[in-house]
Amino acid sequence: MINAIGQNSTPVINAQARKEEESKVLAQKSKDIQDVTEQNKIAQIKESLANKEYKIDLQKTSEKMALDLLNI
(Lines give C-alpha, C1' and ligand atoms only; values in the text may rest on other atoms or scores of the structure.)
Protein backbone atom coordinates (compact mmCIF):
# COMPACT_ATOMS: atom_id res chain seq x y z
CA MET A 1 0.00 0.00 0.00
CA ILE A 2 1.25 3.48 -0.84
CA ASN A 3 0.84 6.05 1.89
CA ALA A 4 0.90 9.79 1.77
CA ILE A 5 4.02 11.35 3.15
CA GLY A 6 4.02 11.13 6.92
CA GLN A 7 1.39 8.40 7.14
CA ASN A 8 2.17 5.03 8.60
CA SER A 9 0.84 1.63 7.46
CA THR A 10 1.82 -0.03 10.75
CA PRO A 11 -1.77 -0.39 12.04
CA VAL A 12 -2.75 -2.32 8.90
CA ILE A 13 0.30 -4.56 9.18
CA ASN A 14 -0.34 -5.13 12.90
CA ALA A 15 -3.98 -6.08 12.22
CA GLN A 16 -2.87 -8.57 9.57
CA ALA A 17 -0.25 -10.02 11.90
CA ARG A 18 -2.85 -10.38 14.67
CA LYS A 19 -5.23 -12.17 12.31
CA GLU A 20 -2.47 -14.54 11.21
CA GLU A 21 -1.51 -15.24 14.82
CA GLU A 22 -5.15 -15.84 15.78
CA SER A 23 -5.49 -18.28 12.87
CA LYS A 24 -2.38 -20.15 14.04
CA VAL A 25 -3.70 -20.33 17.61
CA LEU A 26 -7.09 -21.61 16.45
CA ALA A 27 -5.45 -24.20 14.21
CA GLN A 28 -3.31 -25.42 17.12
CA LYS A 29 -6.33 -25.63 19.44
CA SER A 30 -8.20 -27.62 16.80
CA LYS A 31 -5.25 -30.00 16.47
CA ASP A 32 -5.03 -30.37 20.25
CA ILE A 33 -8.73 -31.24 20.46
CA GLN A 34 -8.34 -33.77 17.66
CA ASP A 35 -5.33 -35.33 19.43
CA VAL A 36 -7.28 -35.67 22.70
CA THR A 37 -10.23 -37.19 20.84
CA GLU A 38 -7.95 -39.72 19.16
CA GLN A 39 -6.29 -40.56 22.48
CA ASN A 40 -9.71 -41.13 24.08
CA LYS A 41 -10.73 -43.42 21.23
CA ILE A 42 -7.49 -45.38 21.56
CA ALA A 43 -8.03 -45.71 25.31
CA GLN A 44 -11.58 -46.99 24.72
CA ILE A 45 -10.33 -49.58 22.22
CA LYS A 46 -7.57 -50.71 24.59
CA GLU A 47 -10.08 -51.09 27.40
CA SER A 48 -12.44 -53.08 25.16
CA LEU A 49 -9.58 -55.34 24.11
CA ALA A 50 -8.53 -55.88 27.72
CA ASN A 51 -12.11 -56.79 28.65
CA LYS A 52 -12.45 -58.99 25.55
CA GLU A 53 -15.42 -56.90 24.48
CA TYR A 54 -13.96 -55.47 21.26
CA LYS A 55 -16.09 -56.36 18.24
CA ILE A 56 -14.84 -56.15 14.68
CA ASP A 57 -17.35 -55.03 12.07
CA LEU A 58 -16.47 -57.47 9.31
CA GLN A 59 -18.67 -55.69 6.75
CA LYS A 60 -16.95 -52.32 7.24
CA THR A 61 -13.52 -53.93 7.45
CA SER A 62 -13.94 -55.90 4.23
CA GLU A 63 -15.36 -52.88 2.39
CA LYS A 64 -12.45 -50.71 3.51
CA MET A 65 -9.93 -53.37 2.48
CA ALA A 66 -11.55 -53.73 -0.96
CA LEU A 67 -11.58 -49.96 -1.51
CA ASP A 68 -7.95 -49.71 -0.46
CA LEU A 69 -6.96 -52.51 -2.82
CA LEU A 70 -8.78 -50.76 -5.67
CA ASN A 71 -7.18 -47.41 -4.72
CA ILE A 72 -10.58 -45.75 -4.39
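For the structure, see preceding data.
Quick summary incoming for the structure in this document. Within each chain, residues carry numbers counting from 1 in the order of the written sequence. Reporting in this predicted model follows two pLDDT cut-offs: at least 70 for local features of residues, and 80 or more for side-chain atom pairs to be given and counted; totals over whole chains, interfaces and linings ignore these cut-offs and use all residues. Excluded from the side-chain calculation are hydrogens and water; included are all heavy atoms of the structure.

1. Things to note about the overall build of the chain
No. 1: Helix and strand assignments come from DSSP, with helices taken as H or I runs of at least 4 residues and strands as E runs of at least 2, each series counted from the N terminus. Secondary structure assignment for the chain yields two helices and zero strands.
No. 2: Areas reported here follow the Shrake-Rupley algorithm with a probe of radius 1.4 Å; residue values treat only the protein chains shown as occluding. Accessible surface for the chain amounts to roughly 7100 Å². Of this, 57% is attributable to carbon and sulfur atoms.

2. Looking at the pattern of salt bridges
No. 1: The rule for a salt bridge is simple: a side-chain nitrogen of Lys or Arg has to be within 4 Å of a carboxyl oxygen of Asp or Glu. Counted by the stated rule, this structure contains two salt bridges.
No. 2: For Lys31, the salt bridge identified is with Asp35, shortest N-O distance 3.2 Å. Note that Lys31 and Asp35 are positioned in helix α1 (residues 10-50) at a spacing of four residues, about one turn of the helix.
No. 3: The class of Asp35 is partly exposed, set by a relative accessible area of 27%.
No. 4: Two residues, Lys64 and Asp68, come together in a salt bridge whose shortest N-O distance is 3.2 Å. Here Lys64 pairs with Asp68, and both are found in helix α2 (residues 58-69), just four residues apart, close to one helical turn. Relative accessibility thresholds used throughout: buried, under 20% of the residue-type maximum; exposed, over 50%; partly exposed, between the two (1.4 Å probe, protein chains only).

3. Describing α2
No. 1: The span you would expect from a helix comes to 1.5 Å times its residue count less one. Look at α2: 16 Å from first C-alpha to last across twelve residues, which is about the 16 Å you get at 1.5 Å a residue.
No. 2: As used in this structure description, the phrase polar contact means that two N or O atoms lie within 3.5 Å; if the pair is within protein, one of them must be able to donate a hydrogen and the other to accept it, and residues adjacent in sequence are counted only when both atoms belong to side chains. At the N-terminal boundary of α2, the capping side chain belongs to Asp57, with an oxygen 3.2 Å from the backbone nitrogen of Gln59.
No. 3: At the C-terminal side of α2, Asn71 shows a positive phi close to 55°.

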